[in-house]
Amino acid sequence: MSVQRSPPSLRQLDPPINIIHYNSDSALNVSNASDGTDNYFNTTKRQKRTFDEVREQPGYSNEIKSMLDQIMTQQETKFDLLNNTLATVMTQNQAIQKSVETLTNKHDALLMKISQLERENGAYRERISTLERNLDSLERSVRRSTIEIRNLPSQEHENKALLIETIQQVGLTLGLETPIHKSEIKDIFRTRSAVVVDFTTSFRRDSMISMYKSYNKSKRDKKEPQLNTESIKLPGAPCTLYISEYLTSKARHLFYMARSSVKTKKLFKAWTSSGKVYIKREADSTPTRIEEESDVLQHTM
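Let us look at the structure shown here. (Residues numbered from 1 in each chain as written. Predicted model: local features only at pLDDT ≥ 70, side-chain atom pairs only at ≥ 80, totals over all residues. Heavy atoms only, no water.)

**A closer look at helix H6 (residues 249-263)**
Move 1: Across its 15 residues, H6 extends 21 Å between first and last C-alpha, which sits within 8% of the 21 Å expected from 1.5 Å per residue.
Move 2: The complete set of buried residues in H6 reads Ala251, Leu254, Phe255, Met257, Ala258 and Ser261. The buried residues of H6 occupy an angular sector of 160 degrees when projected down its axis, which confines them to one face. Along H6, the residues that are exposed and aim more than 90 degrees away from the buried face are Ser249, Tyr256 and Lys263.
Move 3: Looking at the packing, one finds that the buried side of H6 touches helix H3 (62-142), strand E5 (269-273), strand E6 (276-280), strand E7 (288-290) and helix H7 (293-300).
Move 4: Once H6 finishes, Lys265 follows within two positions and takes phi at roughly 65 degrees, a positive value. (Helix = DSSP H or I, 4+ residues; strand = E, 2+ residues; numbered from the N terminus. Expected span 1.5 Å × (residues − 1). Buried < 20%, exposed > 50% of the residue type's maximum accessible area, 1.4 Å probe, protein only. Arc of directions from axis to C-beta. Contact = heavy atoms within 4.5 Å.)

This is how it looks when you write it as structure tokens:
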């Protein structure tokens, strides 16, 4: 009879497990040797020596002492030099500051003086301008009966009587309603550029200028020569004569500027009347009287 055995269980086949517990030794630095010696190296703490201890040693080098003393001496010398330099710089800065303050005060004083001079200059300019206007008005009043004839050649043995005869001949040529009498001429003289005739009345001056313009206009329309020396029976080659008001120096300069602007086509027309200068900027614009140079510049810009 066969005997069958059941196979052992898996639990029974596993080898027994022995659990071993390890505990840390509370005295690892204590040797278990019986002779009482440790298994570790003997370590001791090194004690550092101070600088004084080194200096007190007999082997301390005298050379190092000398070097240190020399360095300290050099440092003290440099500090003294720096202190002296700093004191010098501070002294110079104080001097510069005083100089700057002095210059500032002088600058302020100069500014005040310049401002005062500018105000005085403006007042003087205004006064001069007023005096110039008054003088021009006075000259214009004196010359209100005076004309000048330009381009009239000088004659041989010329004197006032000969000049009066020449002016009388000019009046006849222009066709004045009444001939010019000697009593109507207050004075007559020649300047560097013209012959000046001062009549006793402004009416004679105005009629002379008016007839001169009419005479030249009729000659231009007929394409004939305008008033010249041949027209008034003077010898020599014909020279065109120009008759106008005897302007003051200021008016003459303004009229010159205005005519120059007409030539450059910045103005349409420029003329004089009763010693005053007038201009037209355009053909249909209103006539404007010119009293100062700024007026001409204003209308030509």
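**A few points about the nonpolar core**
Move 1: Of all hydrophobic cores here, the largest spans 24 residues; its most connected members are Leu227 and Ile243.
Move 2: Contributing elements (two or more residues each) for this core: strand E1 (146-150), helix H4 (160-174), strand E2 (185-190), strand E3 (194-199) and helix H5 (202-221).
Move 3: Sorting elements by how many residues they give to this core places H4 first, with five residues.
Move 4: Among residues more than four places away in sequence, those in contact with Ile243 are Ile147, Glu148, Ile149, Val170, Leu174, Ile209, Tyr212 and Leu227.
Move 5: The next biggest cluster of nonpolar side chains, apart from the first, holds 12 residues, and it includes Leu247, Ala251, Met257 and Val296. (Core = buried A, V, L, I, M, F, W, Y, C linked by side-chain atoms within 4.5 Å.)

**Quick notes on the sheet that holds E3**
Move 1: Pairing in this open sheet of four strands is antiparallel, and the strands run E2-E3-E1-E4 from one edge to the other. Bordering the open sheet on either side are E2 and strand E4 (242-245), each of which pairs with just one other strand. Within the sheet, the average angular offset between the axes of one strand and its neighbour, ignoring direction, is 20 degrees.
Move 2: Across four bridges, E1 lies against E4 in antiparallel orientation. Within E4, the position partnered with Ile149 by the bridge is Ile243.
Move 3: Where H4 meets the sheet, it contacts E1, E2, E3 and E4, and its direction lies at approximately 105 degrees from that of E2. (Pairing = 2+ DSSP bridges. Axes fitted to C-alpha atoms, helices over the stretch in contact; angles between N-to-C directions.)

**Examining the pairing of E5**
As a general feature of sheets, a regular strand has side chains that alternate between the two faces.
Move 1: Burial of E5 is one-sided: the residues Ala270 and Thr272 facing one way are buried, the residues Lys269, Trp271 and Ser273 facing the other way are not.
Move 2: Summarising the sheet, E5 and E6 pair through five bridges and their orientation is antiparallel. Across the sheet, Thr272 pairs through a bridge with Val277, a residue of E6.
Move 3: As consecutive antiparallel partners, E5 and E6 are separated by two residues, and within that stretch Ser274 has a phi angle of approximately 55 degrees, a positive value.

**Digging into the sheet that holds E6**
Move 1: Across the sheet, which stays open at both edges, the three strands sit in the order E5-E6-E7 with antiparallel pairing between neighbours. Two strands lie at the open edges of the sheet, namely E5 and E7, each paired on one side alone. Strand-to-strand twist in this sheet, taken as the mean axis angle between neighbours without regard to direction, amounts to 35 degrees.
Move 2: Bridging between E6 and E7 involves three bridges; their strand directions are antiparallel. Its bridge partner lying in E7, Ile279 is registered against Thr288.

**What to know about the environment of Gly175**
Move 1: Tracing the sequence through the fold places Gly175 in the loop between H4 and E2.
Move 2: Between the alpha carbons of Gly175 and Ser214 there is a distance of 10.0 Å; along the sequence they are 39 residues apart.

**Remarks on the packing of H6 against H7**
The relative placement of two packed helices comes down to the angle between their axes together with the axis-to-axis distance.
Move 1: For the pair H6 and H7, the least separation of the axes is 10 Å and the interaxial angle reads 10 degrees. Taken together, the axes of H6 and H7 lie roughly parallel to each other. Of the residues in H7, those touching H6 at His253, Leu254, Met257 and Ser261 are Glu293, Val296, Leu297 and Thr300.
Move 2: Broken down by class, the residue content of the contact of H6 with H7 amounts to four nonpolar, three polar and one charged. (Parallel < 35°, antiparallel > 145°, perpendicular 65-115°, else oblique. Nonpolar A, V, L, I, M, F, W, Y, C, P; charged D, E, K, R; others polar.)

**Observations concerning the packing of aromatic side chains**
We describe a pair of aromatic rings using the distance from one ring centre to the other and the angle between the two ring planes.
Move 1: Applying the stated criterion to the full structure yields one aromatic pair.
Move 2: Note on Trp271 and Tyr278: the rings are 6.1 Å apart at their centroids and 20 degrees apart in plane angle, and the pair reads as stacked.
Move 3: What makes Tyr278 partly exposed here is its relative accessible area of 22%.
Move 4: Geometry around Tyr246 places Arg143 over its ring, the cationic atom sitting 4.1 Å from the centre. (Phe/Tyr/Trp six-rings, centres within 6.5 Å; stacked < 30°, edge-to-face > 60°. Lys NZ or Arg CZ within 6 Å of the ring centre and 35° of its normal.)

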